[in-house]
Amino acid sequence: MGRVEYLQLTPCNFGEFLGATGRPQYKDAVDNFSLPELLHDEVMALFNTYTVIGGMPEIVSLYAQTGDFNQLRPVYNTLLKGYEEDVEKYSATQKQKRIIRHILQTGWSEAGKTIKLGNFGNSQYPSGDIREAFTIMEKAFLLQLCYPVTSVKPPVLSALRRAPKLFWFDTGLVNFATGIQPQLVGRPSLTDSWQGSITEHIVAQELRCVLYRNYVENLSFWVRDKKGSNAETDFIWQHGNMILPVEVKTGTNSHIRSLVSFVDLSGTKAAIRYWSGKFSAVDTVTPSGSKFLLLNIPFYYIGCTDKIIAKYL
């Protein structure tokens with residue numbers, strides 16, 4: 001009897017970026033959750049560079065050779081043109097082709113944001129047609145729609161009638177396609193970029209690699225199912241019989257009120273905050289008296305999330 005083994009291909013993650021750019025010792029330290037604190041600022045700067053250029057292998061290889069952002073632009077452009085021309089392969093009808101082309105032309109600026117399917121990108125296309133086109137593009141691994149869950153207890157069930165977040169397969173392509181890449185090069189911090197959407201987008205890109213490693217296909221976030229409530233966490237992580245809320249801390253939004261709300265409702269024993277600060281595991285109490293462990297994880301350790309959770313829980 002034959003046997004088929006499935007492997008999920010993704011853009012290079014941050015550890016692979018470090019290895020490809022000639023920093024194998026940093027890669028080992030990041031992959032094994034053992035980076036000396038003295039190197040924190042240096043590795044955060046490298047993570048910012050990775051966020052700007054993304055993880056497409058040809059891009060990473062060329063950057064490793066030249067270190068020149070300007071030489072990357074023709075490659076980005078070729079990749080985008082290639083996806084636009086390949087649209088014929090992903091669609092069965094002329095209408096689907098038109099809608100997918102429309103998404104490829106207008107959807108990059110919606111990266112990392114909650115979107116409405118109906119009339120997406122200022123179009124006249126209804127939600128059903130847009131959803132069908134997004135499904136085709138998801139199967140082609142061009143993007144992923146991240147749907148919310150409303151429960152605070154396992155199992156994780158997506159609320160498919162609610163508005164999803166849009167994540168493309170590579171943050172560097174998003175930066176190039178939207179024209180913001182030159183503004184990001186050399187900035188000491190990217191957490192405020194695009195109201196935090198770029199930071200959330202690269203976190204999603206890194207998290208997908210960890211989820212695939214743990215045989216989880218879908219990335220999810222949480223919204224409170226209560227009229228008038230705007231409580232929402234950026235992502236969630238299921239650990240056994242617990243769901244952990246996940247927040248991405250940006251320079252313009254350092255509060256964790258939604259995370260605290262989730263803890264109070266669920267009784268979960270831990271929560272995750274990704275940020276640009278150093279790692280810490282802090283025993284925390286909500287205003288309502290719920291105790292939990294707050295894991296403050298630097299962005300460069302996102303790929304170690306499963307290892308960190310296993311160590312502290």
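All of the points below concern the structure found in this document. What you are looking at is a predicted structure, and each value in this text was computed from that prediction instead of being measured.

## A word on the overall build of the protein
So, point 1. Looking only at helices and strands, the protein features 13 helices and ten strands.
So, point 2. For the protein, the spread of C-alpha atoms along the principal axes amounts to about 55 × 55 × 50 Å.
So, point 3. Summarising the internal contacts of the protein: among those between residues at least 6 apart in sequence, 62% fall at separations of at least 24.
So, point 4. Carbon and sulfur atoms make up 49% of the accessible area of the protein, which amounts to about 15,500 Å² in all.
So, point 5. Distance from the positive charge centre (32 side chains) to the negative charge centre (29 side chains) of the protein: 7 Å.

## Thoughts on the sheet that holds strand β9 (residues 280-285)
So, point 1. Judged by pairing direction, the sheet is mixed, and its five strands sit side by side in the order β6-β7-β8-β10-β9 without closing on themselves. Strand pairing shows two members of the sheet lacking a second neighbour, β6 (235-239) and β9, which therefore form its edges. Direction aside, the axes of adjacent strands within the sheet are offset by 25° on average.
So, point 2. Strand direction decides the pairing type here: β6 and strand β7 (residues 242-248), joined by five bridges, are antiparallel. Paired with Ile-236 across the strands is Pro-245, a residue of β7.
So, point 3. Lying on the sheet, helix α11 (residues 197-213) is in contact with β6, β7 and β8 (270-275); it crosses β6 at an angle near 20°.

## Here's the deal with the environment of Thr-49
So, point 1. With respect to the secondary-structure elements, Thr-49 resides in helix α3 (residues 40-53).
So, point 2. With 32 residues separating them in the primary sequence, Thr-49 and Phe-17 have C-alpha atoms 9.9 Å apart.
So, point 3. What Thr-49 contacts, discounting residues up to four positions off in sequence, is Phe-17, Tyr-63 and Phe-69.

## Topic: the sheet that holds strand β2 (residues 148-149)
So, point 1. Strand order in the open sheet formed by three strands is β2-β4-β5, and the pairing between neighbours is mixed. If you trace the sheet from one side to the other, it starts and ends with β2 and β5 (232-233), each paired once.
So, point 2. In the sheet, strand β4 (residues 221-223) pairs with β5 via two bridges, with the strands oriented antiparallel. Its bridge partner lying in β5, Trp-222 is registered against Thr-233.

## Comments concerning the nonpolar core
So, point 1. Membership of the largest hydrophobic core comes to 87 residues, with the highest contact counts inside it found for Phe-14, Phe-134, Trp-168 and Tyr-274.
So, point 2. Excluding anything up to four places from it in sequence, Phe-14 contacts Val-30, Val-43, Leu-46, Phe-47, Tyr-50, Glu-206 and Tyr-300.

## Details of the pattern of salt bridges
Any two side chains of opposite charge can pair, on the condition that their charged atoms come close.
So, point 1. Counting across every chain of the model gives eight salt bridges.
So, point 2. Residue Lys-95 pairs with Asp-129 through a salt bridge whose shortest N-O separation is 2.6 Å. A residue pair is termed long-range when its members are at least 10 positions apart, and Lys-95 in helix α7 (residues 94-106) and Asp-129 in helix α8 (residues 127-139) qualify at 34 residues.
So, point 3. Arg-162 is the partner of Asp-225 in a salt bridge, and the nearest nitrogen-oxygen pair spans 2.9 Å. Taken as a pair, Asp-225 in the loop between β4 and β5 and Arg-162 in the loop between β2 and β3 (165-168) lie far apart in primary sequence, 63 residues in all.

## A word on the pairing of β7
So, point 1. Of all the seven residues making up β7, seven are buried; the element is thus mostly covered by neighbouring parts of the structure.
So, point 2. Counted between consecutive antiparallel strands, the loop separating β6 from β7 contains two residues, among which Gly-240 sits at a positive phi close to 60°.
So, point 3. Alignment of β7 against β8, held across three bridges, turns out to be parallel. Looking across to β8, one finds that Val-248 is bridged to Tyr-274.

## Observations regarding the pairing of β8
So, point 1. Of all the six residues making up β8, six are buried; the element is thus mostly covered by neighbouring parts of the structure.
So, point 2. Residues Ala-270, Ile-272 and Tyr-274 line one face of β8 and the alternating positions Ala-271, Arg-273 and Trp-275 line the opposite face, and both faces are buried.

Reading the values: rules and limits
- Residues numbered from 1 in each chain as written.
- Predicted model: local features only at pLDDT ≥ 70, side-chain atom pairs only at ≥ 80, totals over all residues.
- Heavy atoms only, no water.
- Helix = DSSP H or I, 4+ residues; strand = E, 2+ residues; numbered from the N terminus.
- Contact = heavy atoms within 4.5 Å.
- Areas by Shrake-Rupley, 256 points an atom, 1.4 Å probe, with all protein chains shown as cover.
- Lys, Arg positive; Asp, Glu negative; His and termini not counted.
- Charge placed at Lys NZ, Arg CZ, Asp CG, Glu CD.
- Pairing = 2+ DSSP bridges.
- Axes fitted to C-alpha atoms, helices over the stretch in contact; angles between N-to-C directions.
- Core = buried A, V, L, I, M, F, W, Y, C linked by side-chain atoms within 4.5 Å.
- Buried < 20%, exposed > 50% of the residue type's maximum accessible area, 1.4 Å probe, protein only.
- Salt bridge = Lys/Arg side-chain N within 4 Å of Asp/Glu carboxyl O.

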